[in-house]
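The chain contents come next:
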Amino acid sequence: MRKVQAPRGTFDVLPDDADAREAVEREARRVLEGAGYRRIETPTFEATELFARGVGEATDIVRKEMFTFEDQGGRSMTLRPEGTAPVCRAYVEHGMHKLAQPVRLWYLSSFYRHEAPQAGRYRQFWQVGAEAIGSDDPAVDAETVVLLADLLDALNTHGVRLRISSLGTPETRAAYREELQAHLRAHEDDLPRDVRDRIDLNPLRAFDSAEAAPVMREAPKLLDRLTPEDAEHFAEVRRLLEAADVPHEVDPTLVRGLDYYTRTVFEFESTELGAQSGVGGGGRYDRLVELIGGPATPGCGWAAGVERILLAADRPPVAPPPVDLYVAFTDDAQRAAALKLAGEARRAGLRAQMELAGRSLKGQFKQADRVGARFVAVLGGGDTELKDMESGEQRTVAGESVVREVLRGRGIG
Ligand code: AMP
């Protein structure tokens, strides 16, 4: 029969990959919980409306990348393409505005986007993300950036570069948008088709197009159109980043693919990643909570791709943890005793494996060697033979003292 395969753009996390991913989770927890963030997990799917309203109808994500389905009750549902809108929904739904602000939350979850798969771009991928909701203080923007810089650093992510900009308020952006549209229309002949097609719907995305670069160099920049308050906010974020020794580059062409951003936006890239160079990014979203039906509440946060971090990071080969005890036995009558001994050893804090494949005694020693077992206990009905695989020494010990002997041998007992 034809083999059933994983869907295109998805991947299996195999045991050899799991350790490195756990390191990302461990470091994320250490960095973020150290700064007062607490873990949140939201559902894998949400009402489609959350993303349509939150992320924005005109964005690529909502227009063509969502996995949307109808549930049995005829309601439109979508596999989450990003984490900020769901976290804001949870903030509103659980009345978190009553807590001390800003409420700081982090997540490590899977996300789904129907994109053309390539290295570093998948249809199911994982993001670690952090959101600080309830304060418009520029220190929030700066601190979130510092936290992502620290996380990437702790994970040895190579070739990292930080770009930062400000998008101002939606009102400033609306006026600027018209100005930009006029510029794009004036140069329509020099623009690639996909940019031309988006002049009405999403003109800011033209900054993402390499082919449009010559036209965009001459384009008016949103950064030059900020209100004095927004310009001051951005200047303070930059001052704080400088004080914190976070190197960054102001890039007025930086636009992000989600509509909810206001004021600060930033993106970390790595030179190790080729075409899909974004490691993580985020910014401020002062209107999002309101857009999804909550009280006016500012917020700021980021998300970083776990797979991209791992692609750009040093990954020392991780040896599986050593096995303390391998329980071998000479005939099947000893199987139950082996199961019992392995269980006792584990409950005492040892890593113990038992023979599970009916190997000969020689084969069992070979297997014990393969898994790097320090001790092998051979059950033969009477007393147990306990072999120290490091020294080669073998002794006969009473069944009930095997665990104690191994604990002592491992320096635990
Ligand atoms: P975004 O939510 O688009 O700002 O993405 C944040 C980060 O998630 C990016 O910098 C990437 O590291 C990662 N990411 C986004 N889309 C994908 C994808 N399709 N496959 C793998 N990682 C992704």
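Our subject is the structure listed above.
Worth saying up front: this structure is predicted, and the values here are computed from it rather than measured.

Rules used in this analysis
- Numbering of residues begins from 1 in every chain and follows the order in which that chain's sequence is written.
- In keeping with the model being predicted, local features are shown solely for residues with a pLDDT of at least 70 and side-chain atom pairs are shown and tallied solely at 80 or more, while totals for entire chains, interfaces and linings include all residues.
- Side-chain measures here rest on the full set of heavy atoms in the structure, leaving out hydrogens and waters.
- Secondary structure is summarised from DSSP: a helix means a run of H or I of at least four residues, a strand means a run of E of at least two, and numbering begins at the N terminus for each.
- Whenever Lys or Arg places a side-chain nitrogen within 4 Å of a carboxyl oxygen from Asp or Glu, that contact is recorded as a salt bridge.
- The cut-offs for exposure are 20% and 50% of the maximum accessible area for each residue type, with area from a 1.4 Å probe on protein chains only; residues under the lower value are buried, those over the upper are exposed, and the others partly exposed.
- Neither His nor the chain ends contribute to the count of charged residues, in which Lys and Arg are positive and Asp and Glu negative.
- DSSP bridges decide pairing: two strands pair if at least two such bridges lie between them.
- Angles here are taken between N-to-C directions and fall from 0 to 180 degrees, while the axes themselves are lines fitted to C-alpha atoms, restricted in helices to the stretch in contact.
- Here, two residues are considered to be in contact whenever any of their heavy atoms come within 4.5 Å of each other.

A. Just unusual backbone geometry, in detail. Between Gln101 and Pro102 the backbone carries a cis peptide bond, its omega angle lying at -5°. Along the chain, the position of Pro102 falls in the loop between helix H4 (84-93) and strand S5 (103-112). At Asp245, a residue that is not glycine, the phi angle is positive and equals roughly 60°. Mapping Asp245 onto the fold places it in the loop between helix H9 (228-243) and strand S8 (249-250). We note that Arg263 has phi near 50°; this positive angle belongs to a residue other than glycine. In this structure, Arg263 sits in strand S9 (residues 262-270).

B. Local environment of the pattern of salt bridges. Within this structure, the stated rule accounts for 37 salt bridges. Here Asp141 and Arg284 are joined by a salt bridge, their closest N and O atoms 2.7 Å apart. Separated by 143 residues along the polypeptide, Asp141 in helix H5 (residues 138-154) and Arg284 in strand S10 (residues 278-284) bring together distant segments of the chain. On the accessibility criterion, Arg284 (0% relative accessible area) is buried. Across the salt bridge formed by Glu242 and Arg238, the nearest N and O atoms sit 3.3 Å from each other.

C. Fine view of the side chain of Glu65. Of note, Glu65 is situated in helix H3 (residues 60-65). Salt bridges are absent for the buried Glu65, whose nearest opposite-charge side chain, Arg113, sits at 4.8 Å.

D. Here's a closer look at the sheet that holds strand S16 (residues 394-397). Reading across from one edge, S13-S12-S14-S15-S16 is the order of the 5 strands in this open sheet, with mixed pairing throughout. In this open sheet, the two strands that pair with only one neighbour each are strand S13 (352-354) and S16. Here the strands of the sheet are splayed against their neighbours by 25° on average, with no regard to which way each runs. With 5 bridges connecting them, strand S14 (residues 375-379) and strand S15 (residues 384-388) associate as antiparallel partners. From the neighbouring strand, Phe375 faces S15, where its bridge partner is Asp388. Helix H12 (residues 335-347) rests against strand S12 (325-329), S13 and S14 of the sheet, and its axis sits at about 170° to S13. Together, S12, S14, S15 and S16 form the strand contacts of helix H14 (residues 402-409), whose direction differs from that of S15 by roughly 10°.

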